[in-house]
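Each chain is listed here by its residues.
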Amino acid sequence: MRPPPTTPAGFDPALAAHPTRRLPLADVVDLLELTHAPEVVARYRERMVAGDLFPPVAVVRLAGRFLLADGHKRLAAYRGLGADEVVVEVWPLRRWLRDQAGQAARNAGKNR
């Protein structure tokens, strides 16, 4: 018999604005796995090990996959804890599109 999956705390569903669910960590696809802030990832991991709770990472369901929409650094920190599952906030497509539009506008302003 397989032991139950382990899930370090890390994320607090009460901090989410949208519905949450528990997913196998392997099912969350991060298209931006490389982060330019390894010091932030390390600091988040230290805080998670110390028991601090963070808002769940956000995913959007596209083509049957759960794509990471927000929380790349938090997820990278969490992956280093050896968990099998993760609590995620499931964004509706409209929320994700709004986030993408905001990022595009901020980046356009930065890159002028």
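Everything numeric here is computed off the predicted structure, so don't read it as measured data.

Right, let's get into the pairing of strand E5 (residues 85-90). Counting buried positions along E5 gives 5 out of 6 residues, so the element sits mostly inside the fold. As judged from the 5 bridges shared by strand E1 (residues 20-24) and E5, these two strands associate in the antiparallel manner. From the neighbouring strand, Arg21 faces E5, where its bridge partner is Val88. Where strand E3 (residues 57-62) and E5 come together, 3 bridges link them in parallel fashion.

With that out of the way, let us pick up the pattern of salt bridges. In the structure shown here, the tally under the stated rule is 4 salt bridges. Glu85 is the partner of Arg22 in a salt bridge, and the nearest nitrogen-oxygen pair spans 3.9 Å. Here Arg22 is found in strand E1, whereas its partner Glu85 is found in strand E5, with 63 residues between them in sequence. With a shortest N-O distance of 4.0 Å, Arg95 and Asp99 are connected by a salt bridge. Note that Arg95 and Asp99 are positioned in helix H3 (residues 93-110) at a spacing of 4 residues, about one turn of the helix. Take Asp99: its relative accessible area is 13%, and that puts it in the buried class.

What counts as what
- Residues numbered from 1 in each chain as written.
- Predicted model: local features only at pLDDT ≥ 70, side-chain atom pairs only at ≥ 80, totals over all residues.
- Heavy atoms only, no water.
- Buried < 20%, exposed > 50% of the residue type's maximum accessible area, 1.4 Å probe, protein only.
- Helix = DSSP H or I, 4+ residues; strand = E, 2+ residues; numbered from the N terminus.
- Pairing = 2+ DSSP bridges.
- Salt bridge = Lys/Arg side-chain N within 4 Å of Asp/Glu carboxyl O.

Functional significance is not addressed by these values, which are geometric in nature.
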